[in-house]
Amino acid sequence: MTVHLSPPEALLALGADYNRHNDALHSLYVMEINGARPATAVGRQIPRTQHLAKSALHIVEALNEQPMFPSPGIRSVYARIRQLAHLALDAADHLLDAEDILDDTRVGAPSEHGVPLTAEEAREEVRGRLILVRDLTALGADDALATAELLTVEMRHQRLLPASRSLDLSPAQRTALRAAAQGFVTIDRHTDKPRISHDDVRVSISTIRSLEARGLLNREETPRILHDERVHLTADGCRTLAASFGHPRPPALTTARPAQPRATAAPARS
């Protein structure tokens, strides 16, 4: 059954695809590029990157069907989504170049310098392009969440979405949903403990399990060492997080050092 997502929910789903893409890119850079068929490995990554651009442009098309007033906020939303698409297209171009470099090296064709590259020289050229792809897509999930939040608020102002309602979520659960959407949460399967890639965010395994039990989060395997599973929003998780936008954000769950008591002046001797 196809689940229909509102534009804000589709942006959150796009953010999850950016996280999946970047996990696969990490595997390509760290392991697959050193394998026996690096060109094939790069070729498998290209459709994933192109899919990000297509998904972003589909969201633009969905917005075009909405009877929205082009407020400054809405114009910013359009600009941000188009930027997500353009960054993904630029990243796909770098991958296409990388594939060409590896194919040319395999058949002994001259490089742009006039002589064929060695296999290791070609891999080094490709690694440089993979770094560019990583930099272009690294903030995709974070940008998608910020854009979804802005879009939700704007659509509510224009009465294109239902008014925000009180949600049965604790502050810790809302923090966990946001962190998962941003790609901050992975699980070390051997210890069943979350690894959070942001210093100012705390998410406990008990909170993750409570959201999994409600069908708002699930886990997918990743190729990253010590990050065996990534926590993603489900379709219901996207819907629930989008519904939370416009409410005050939960405070960052950080451990603060207690304030030191102020020293008092010693009484004067008589």
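All values reported here derive from a predicted model rather than from experimental measurement.

Caption draft 1: View of the sheet that holds strand β2 (residues 193-196). Pairing is antiparallel in the open sheet, where four strands are placed in the order β2-β1-β4-β3. Looking at strand neighbours, the two that pair on one side only are β2 and β3 (217-224), the edges of this open sheet. The sheet shows a mean angle of 40 degrees between the axes of neighbouring strands, taken without regard to direction. In this structure, β3 lies alongside strand β4 (residues 227-233), joined through six bridges in antiparallel fashion. Paired with arginine 224 across the bridge in β4 is histidine 227. Contacting β1 (185-188), β3 and β4, helix α6 (residues 171-181) runs over the sheet at an angle of about 110 degrees to β4. Docked against the sheet, helix α7 (residues 205-213) engages β1, β2, β3 and β4, running at close to 120 degrees with respect to β3.

Caption draft 2: Geometry of the layout of surface pockets. Estimates place the volume of the largest pocket at around 510 Å³. What lines the largest pocket is a set of 22 residues, among which Asn22, Asp23, Ala138, Arg224 and Arg230 lie closest to the centre. Among the elements that take part in the lining of the largest pocket, helix α1 (residues 7-30) stands out by supplying seven residues, more than any other. By residue class, the composition of the lining of the largest pocket is nine nonpolar, eight polar and five charged. Considering the residues around the second largest pocket, the lining is formed by 14 residues, among which Leu5, Ala10, His58, Ile59 and Ala62 are closest to the centre. Residue assignment for the lining of the second largest pocket shows that the elements contributing at least two residues are α1 and α2 (38-64). Among the elements that line the lining of the second largest pocket, the one with the most residues is α1, at five residues.

Cut-offs and rules
- Within every chain, residues take consecutive numbers counted from 1 along the sequence as written.
- For a predicted model such as this one, the threshold for reporting local features is a pLDDT of at least 70, and the threshold for listing and counting side-chain atom pairs is 80 or more; totals across whole chains, interfaces and linings nevertheless cover every residue.
- Each side-chain value is worked out from all heavy atoms of the structure, with water and hydrogens disregarded.
- If DSSP finds at least two bridges between two strands, the strands pair.
- What counts as a helix is a DSSP run of H or I of at least four residues, what counts as a strand is a run of E of at least two, and both are numbered from the N terminus.
- Angles shown run from 0 to 180 degrees and are taken between the N-to-C directions of axes, each axis being a line fitted to C-alpha atoms and, for helices, limited to the stretch in contact.
- We call two residues in contact whenever any of their non-hydrogen atoms come within 4.5 Å of each other.
- Of the two site types, the cavity is a set of points on a 1 Å grid over the protein atoms alone where a 1.4 Å probe fits but cannot get out, and the pocket is an open set with protein on both sides within 12 Å along at least five of seven lines, each lined by residues with an atom within 4 Å of a point.
- Grid points are joined across faces, edges and corners, and a volume is the space filled by probe spheres set on the points.
- For this classification, Asp, Glu, Lys and Arg are treated as charged, while Ala, Val, Leu, Ile, Met, Phe, Trp, Tyr, Cys and Pro are nonpolar and the rest, including Gly, are polar.

These figures come from the coordinates and say nothing about function on their own.
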